[in-house]
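For reference, the chains in residue letters:
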Amino acid sequence: MAEFDLIAQYFTRQAAVDLGVGDDAALVSVRPGYQLAVSADMSVSGTHFFAEAQPFAIGWKSMAVNISDMAAMGAEPKWATLSIALPGVDHPWLRQFSDGLFACADAFEVALIGGDTTRGPLNIAINILGEVPRGQALQRNGARAGEDIWVSGCLGQAALWLQNRLGHLPLHADDIAMLATAMHHPQPRVRLGLALRGMASAALDISDGLLADLDHILQASRVGAELDWRALPLPRLQTPIEEETMQKAVLAGGDDYELCFTAAPQHREALLALSQQLNLPLSRIGKTTASPGLTVMNGNVALDIAKKGYQHFG
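In the annotation of an unreviewed UniProt entry, the entry for the protein reads Thiamine-monophosphate kinase, and the organism field reads Methylophilus glucosoxydans. As stated in UniProt under Catalytic activity (unreviewed entry), the record for the protein gives "thiamine phosphate + ATP = thiamine diphosphate + ADP".

Given below as structure tokens:
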């Protein structure tokens with residue numbers, strides 16, 4: 001099948017842009033007073049997903065993890081490009097993959113405006129663009145000592161599913177089903193990111209693990225942090241889980257795609273009200289400190305965490 005026929009059949013839609021799929025480049029107009037937020041993410045078979053995973057889920061998650069980057073910046077996601085390497089033309093797989101990709105794009109009003117296809121090991125690279133009012137983007141370098149640290153949603157679910165999938169953690173069937181949803185259909189927190197403009201001093205999304213990603217904020221902002229293990233939002237499972245296993249999943253498991261952010265204590269009531277408004281749990285899990293370093297306390301005991309998160313070249 002010719003490359004441009006494949007693109008036309010599976011990845012071409014009408015989009016509200018100046019010029020979309022079919023030319024050497026797309027043309028888009030950014031609203032006056034806004035900045036363009038740009039991010040890119042790659043999903044590689046065998047690293048980010050199992051080759052036998054449902055293609056709809058691969059399509060959804062490939063788009064969702066990019067939209068999550070826009071949420072973390074307080075940006076409104078608008079446009080995306082897709083570059084994909086395929087071992088061959090598998091029409092049923094492509095149909096389901098593109099259905100999942102567009103289901104996520106449509107849910108967050110993102111237009112696919114270009115990209116590339118080639119033959120090779122399955123590799124999905126998405127470039128996403130969004131708009132944010134000039135000077136209002138959520139960055140990683142704005143945290144100050146004495147601020148609250150918050151996370152959205154629940155942590156550790158995808159990591160626990162992976163441990164089960166690898167045969168390391170027996171789980172009840174109902175637990176597996178719940179955790180699989182978190183793994184394969186993450187929900188980008190776009191509405192939260194937009195609402196955090198003017199409240200959050202720093203923010204990011206959790207992809208490699210809470211401790212590893214929070215450390216990016218601490219390094220960029222030149223502050224430290226103390227977390228309270230008892231305040232972290234844990235998965236509620238039917239299967240009894242050893243505390244050490246839960247700690248590793250929640251603190252360092254990754255693939256959560258929840259937002260972690262800092263905010264001054266004066267915003268606590270507003271953030272709790274926002275949690276109710278969005279029907280999204282927001283948990284205050286610790287505080288930033290003037291002294292460098294990252295400590296997790298369980299009561300009066302500091303947890304010994306050897307691994308902070310996933311490292312591609314670790």
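Once the structure has been displayed, the description carries forward.
Asker: Please explain the nonpolar core as it appears in this structure.
Answerer: Nonpolar side chains in soluble globular proteins tend to be buried together. Met63, Ile124, Leu192, Leu196 and Phe261 are the most contacted members of the largest nonpolar core, which has 48 residues in total. Of all the elements in the fold, those that place two or more residues in this core are α2 (55-72), β2 (76-86), α3 (91-107), β4 (123-133), α6 (190-195), β6 (200-205), β8 (259-263) and α9 (268-278). Sequence-distant contacts of Ile124, defined by excluding residues within four places in its chain, comprise Asp41, Met42, Ser43, Phe49, Ile58, Ser62, Leu82, Ser83, Ile84 and Phe97. Core analysis: the second largest hydrophobic core is formed by 36 residues, Ala143, Ile206, Leu211 and Ile285 among them.

Asker: Sorry if this is basic, but what is going on with the sheet that holds β2 here?
Answerer: Read from one edge of the open sheet, four strands run β1-β4-β2-β3, paired in mixed fashion. With one partner strand each, in any of the chains shown, β1 (34-44) and β3 (111-119) form the two edges of the open sheet. Recorded for the sheet is a direction-independent mean angle of 15° between the axes of neighbouring strands. In terms of strand pairing, β2 meets β4 through nine bridges, oriented antiparallel. The residue of β4 that forms the bridge with Glu76 is Glu131. Sitting on the sheet, α3 touches β2, β3 and β4, and the angle it makes with β2 is about 165°.

Asker: So what exactly am I meant to see when it comes to helix α7 (residues 210-221) here?
Answerer: Because each turn of an α-helix spans 3.6 residues, side chains separated by three or four positions in sequence point in the same direction. Along its 12 residues, α7 runs 16 Å from first to last C-alpha, staying within 8% of the 16 Å computed at 1.5 Å per residue. Those residues of α7 not exposed but buried are Leu210, Leu211, Ala212, Asp213, Leu214, Ile217, Leu218 and Ser221. The positive-phi residue at the C-terminal boundary of α7 is Arg222, with phi of around 60°.

Asker: Even after reading the chapter, I still don't get the packing of aromatic side chains, so can you show me in this structure?
Answerer: Pairs of aromatic rings are described using the distance from one ring centre to the other and the angle between the two planes. Enumeration according to the criterion identifies three aromatic pairs in this entry. A centroid spacing of 5.0 Å and a plane angle of 10° characterise the contact between Trp93 and Phe97, whose relative ring orientation is stacked. A residue pair is termed a helical-turn pair when its members lie 3 or 4 positions apart in one helix, as Trp93 and Phe97 do in helix α3 at four residues. Sitting over the face of the ring of Tyr34, Arg31 holds its NZ or CZ atom 4.1 Å from the ring centroid. Lying over the aromatic face of Phe50, Arg165 brings its terminal NZ or CZ to 4.1 Å of the ring centre.

Asker: Mind showing me how you'd approach the pattern of salt bridges here?
Answerer: Should the charged atoms of two oppositely charged side chains come close, the side chains can pair. Enumeration over the complete set of coordinates arrives at eight salt bridges. Residue Asp228 pairs with Arg230 through a salt bridge whose shortest N-O separation is 3.4 Å. We classify Asp228 as partly exposed; its relative accessible area is 27%. Through salt bridges with shared partners, a single network forms among Arg31, Glu76 and Glu131.

Asker: What exactly am I supposed to notice about helix α4 (residues 157-165) here?
Answerer: Three or more residues of α4 are buried, namely Gln157, Ala158, Ala159, Leu160, Trp161 and Asn164. Where the residues of α4 are buried, they touch α5 (173-184) and α8 (243-252).

Asker: Which parts of the structure should I look at to understand the sheet that holds β6?
Answerer: For sheets, the rule is that strands pair by backbone hydrogen bonds, running either parallel or antiparallel. Strand order in this open sheet of seven strands is β6-β8-β5-β9-β7-β10-β11, and the pairing throughout is mixed. With partners counted over all chains shown, the strands left at the sheet margins are β6 and β11 (301-302), one partner each. Looking at chain direction, strand β10 (residues 294-298) and β11 are connected through two bridges and run antiparallel. When the sheet's bridge partners are listed, Met297 is paired in β11 with Ala302.

Asker: Explain the UniProt feature "binding site: Mg(2+) 5" (unreviewed entry) in the protein to me, please; I cannot follow it from the model alone.
Answerer: In the UniProt entry, the feature "binding site: Mg(2+) 5" (unreviewed entry) is given for Asp208. With respect to the element layout, Asp208 can be found in the loop between β6 and α7.

Asker: I would appreciate a short explanation of the environment of Arg140 in the present structure.
Answerer: Relative to the assigned elements, Arg140 resides in the loop between β4 and β5 (148-152). As a C-alpha pair, Arg140 and Asp106 span 34 residues in sequence and 28 Å in three-dimensional space. Other than its neighbours up to four places away in sequence, Arg140 contacts Ala202, Ala203, Leu204, His216, Ile217, Ala220 and Ser221.

Asker: It is not clear to me how the packing of α2 against α3 should be interpreted in this structure. Could you clarify?
Answerer: Helices that pack against each other are described as a pair by the angle of their axes relative to one another and the distance between those axes. One way to put it is that α2 packs onto α3 with a least axis distance of 6 Å and a crossing angle of 35°. Seen along the crossing, α2 lies across α3 with a hand that is right-handed. Within the contact between the two elements, α2 uses Pro55, Phe56, Ile58, Gly59, Trp60, Ser62, Met63, Ala64 and Ile67 and α3 uses Trp93, Gln96, Phe97, Asp99, Gly100, Leu101, Ala103, Cys104, Ala105 and Ala107. Looking at side-chain class alone, the contact of α2 with α3 contains 14 nonpolar, four polar and one charged residues.

Asker: Please clarify how the environment of Ala182 should be interpreted in this entry.
Answerer: Checked against the element boundaries, Ala182 lands in helix α5. C-alpha separation for the pair Ala182 and Gln163, spaced 19 residues apart in sequence, amounts to 14 Å. For Ala182, the residues in contact, after removing those within four places along its chain, are Gln157 and Ala158.

Procedures and definitions
- Residues numbered from 1 in each chain as written.
- Predicted model: local features only at pLDDT ≥ 70, side-chain atom pairs only at ≥ 80, totals over all residues.
- Heavy atoms only, no water.
- UniProt positions renumbered as here; feature names shortened; annotations may be inferred.
- Core = buried A, V, L, I, M, F, W, Y, C linked by side-chain atoms within 4.5 Å.
- Buried < 20%, exposed > 50% of the residue type's maximum accessible area, 1.4 Å probe, protein only.
- Helix = DSSP H or I, 4+ residues; strand = E, 2+ residues; numbered from the N terminus.
- Contact = heavy atoms within 4.5 Å.
- Pairing = 2+ DSSP bridges.
- Axes fitted to C-alpha atoms, helices over the stretch in contact; angles between N-to-C directions.
- Expected span 1.5 Å × (residues − 1).
- Phe/Tyr/Trp six-rings, centres within 6.5 Å; stacked < 30°, edge-to-face > 60°.
- Lys NZ or Arg CZ within 6 Å of the ring centre and 35° of its normal.
- Salt bridge = Lys/Arg side-chain N within 4 Å of Asp/Glu carboxyl O.
- Left-handed = near helix turned anticlockwise from the far one by under 90°.
- Nonpolar A, V, L, I, M, F, W, Y, C, P; charged D, E, K, R; others polar.

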